[in-house]
Amino acid sequence: MRLVLGVDAGGTSSRAALFTMEGAPVRRGRAGGANPGALGLDQAAANLTAAIGSALAGVDPSQVAAVVVGLAGHPESCAKLVERVVGDLLPGTPAAAVGDIVTAFAAGTAEDSGTVLISGTGAIAAKITGHRAIATADGYGWQLGDEGSAFWLGRAAARTAIRALDATGPTASGPPSTWTTANGAPNAGAEGCTGGGGLVGMVVRHLVPEGLGEDPVARLAAAVYARPPLALAELAPLVSRAAGDGDPLALSILTAAASRLAGTVAEVYEPGLPIVLAGSVLTTDGPIREAVRQAIRETLRALPEPTAATPAAHANAAGVTVRDVVTPDVATPDVAAPVGAVPGVATRGVATPDGAAPVGAAPGVARPDGVALVVADDVAGAAAWLAARPFLSRREARARHPRFVHPSG
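From a predicted model like this one, the values you see are computed outputs, not experimental measurements.

Cut-offs applied
- Residues numbered from 1 in each chain as written.
- Predicted model: local features only at pLDDT ≥ 70, side-chain atom pairs only at ≥ 80, totals over all residues.
- Heavy atoms only, no water.
- Pairing = 2+ DSSP bridges.
- Helix = DSSP H or I, 4+ residues; strand = E, 2+ residues; numbered from the N terminus.
- Axes fitted to C-alpha atoms, helices over the stretch in contact; angles between N-to-C directions.
- Contact = heavy atoms within 4.5 Å.
- Expected span 1.5 Å × (residues − 1).
- Buried < 20%, exposed > 50% of the residue type's maximum accessible area, 1.4 Å probe, protein only.
- Arc of directions from axis to C-beta.
- Parallel < 35°, antiparallel > 145°, perpendicular 65-115°, else oblique.
- Left-handed = near helix turned anticlockwise from the far one by under 90°.
- Nonpolar A, V, L, I, M, F, W, Y, C, P; charged D, E, K, R; others polar.

S.K.: Please set out the sheet that holds strand β4 (residues 64-71) residue by residue, giving values where relevant.
M.R.: Read from one edge of the open sheet, 5 strands run β3-β2-β1-β4-β5, paired in mixed fashion. The strands lining the two open edges of the sheet, one partner per strand, are β3 (25-32) and β5 (95-99). The average undirected angle you get between the axes of adjacent strands in this sheet is 15°. Where β4 and β5 come together, 5 bridges link them in parallel fashion. Residue pairing for β5: L71 is matched across the bridge by G99. On top of the sheet, helix α14 (residues 379-388) reaches β1 (3-9), β2 (13-20), β3 and β4; it is set at about 135° to β1, its chief contact.

What follows is the structure, given as structure tokens:
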């Protein structure tokens, strides 16, 4: 029995998934993050080794035909990391490091080209061609960009909360449920807390569960600055929950985030090809994902009609930065064209019939104006599928894709 191994190596956790070539899950492993840039090569290697080792427990290494690891970071560092770890655990096994953008795209569709929008702790969109990222938009990090990311949402929530406290000026100490304004009336934060909803109350309870004391603005600010900046991403689910309850402050933040993410997609969107939504913000069902879907629909409708310009011209015209991405050191198999494409002709820019998803898209996905909006599922499974593709015909690869990315479905 031949096996393939896929790994989703993130900044905080790494997930390894072992599959048969037919797409049957065998075993999984999980460990800490494996981003060599953020953690250093030695710590990243230790965590990646632990994740892969767990997935390989009790397995004959000679059965593993190929490995694909999806991770973010400098291409040379990522390649060195994968070579080091796989070389120790699976000597002689073909292994490739690919950008986490590529594995996220493959987790949503069997198509080889399209667009992926990722909103997790950070945010980035990429144009994918032949399972290679050829252009990106945003992804500049929390200080310079990542608009609409979990960090962006969390920072907006914290800013909203501290401004609300400054405006109401609560004077009483004690737990949030006892806050009052100077005239004795409940303030906005207290009302939210006592009712279990309200964005301001949720944020304060999360950051200062012991109470705000006599100077709530200073106390909340101190709580924020005592934590690492990216810890604000933990507040993103509170925005979604409060927006679901109809909180106007949360709805305003949600709308702004959706608009920014839709704009990021538009910079690298290729008409007629699928858009995959990935990252914790967009793979979680709720009002944020629905707002992003609607914003993408509206933004794409407003775009001018596509011209005959080349993909590179599209990217340059949009001001998109083209970045190098580590790609598999294996041959890329031929990929079936979308419905309506002419055999032997490049499939980029071929429009999908209105209301029809590209071949390989998950059933039931949203299709605004003939374009599939697909939510990514199992990224580690998608990496395993990428490892299996060179050994399969194009028909087999497309047919087995759902087994890898929806193993429990």
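Moving on from the model shown.
S.K.: Describe helix α3 (residues 75-89), listing the residues and the values that go with them.
M.R.: Residues lying three or four places apart along an α-helix face the same way, a consequence of the helix completing one turn every 3.6 residues. Under the 1.5 Å per step criterion, the end-to-end length of α3 is 21 Å for 15 residues, consistent within 8% with the ideal 21 Å. Taken together, the buried positions of α3 are occupied by C78, L81, V82, V85 and V86. One side of α3 carries all its buried residues, which in axial view fall inside an arc of 105°. Counted as exposed and oriented over 90 degrees from the buried face of α3: E76, E83 and D88.

S.K.: Report on the packing of helix α9 (residues 236-244) against helix α10 (residues 248-268), specifying residues and quantitative values.
M.R.: Running from N to C, α9 and α10 cross one another at 120°; their axes reach a closest spacing of 8 Å. If you check the angle between α9 and α10, you find them oblique. For the element pair α9 and α10, the recorded crossing hand is left-handed. Where α9 abuts α10, its residues V239, A242 and A243 lie against A250, L251, I253 and L254. For the contact of α9 with α10, the class distribution of residues is 7 nonpolar, no polar and no charged.

S.K.: Run through the sheet that holds strand β7 (residues 123-128), naming residues and quoting values.
M.R.: The strand order across the open sheet formed by 5 strands is β8-β7-β6-β9-β10, and the pairing between neighbours is mixed. Only two strands of the sheet have a single neighbouring strand rather than two, namely β8 (133-138) and β10 (373-375). Here the strands of the sheet are splayed against their neighbours by 20° on average, with no regard to which way each runs. Note: strand β6 (residues 114-119) against strand β9 (residues 275-278), 4 bridges, orientation parallel. Bridge assignment links T115 to a residue of β9, and that residue is I275. Relative to the sheet, α10 contacts β6, β7, β8 and β9, its axis offset from that of β7 by approximately 25°. Most of the contacts of helix α12 (residues 287-301) go to β9, to which it runs at about 155°, and overall it touches β6, β9 and β10.

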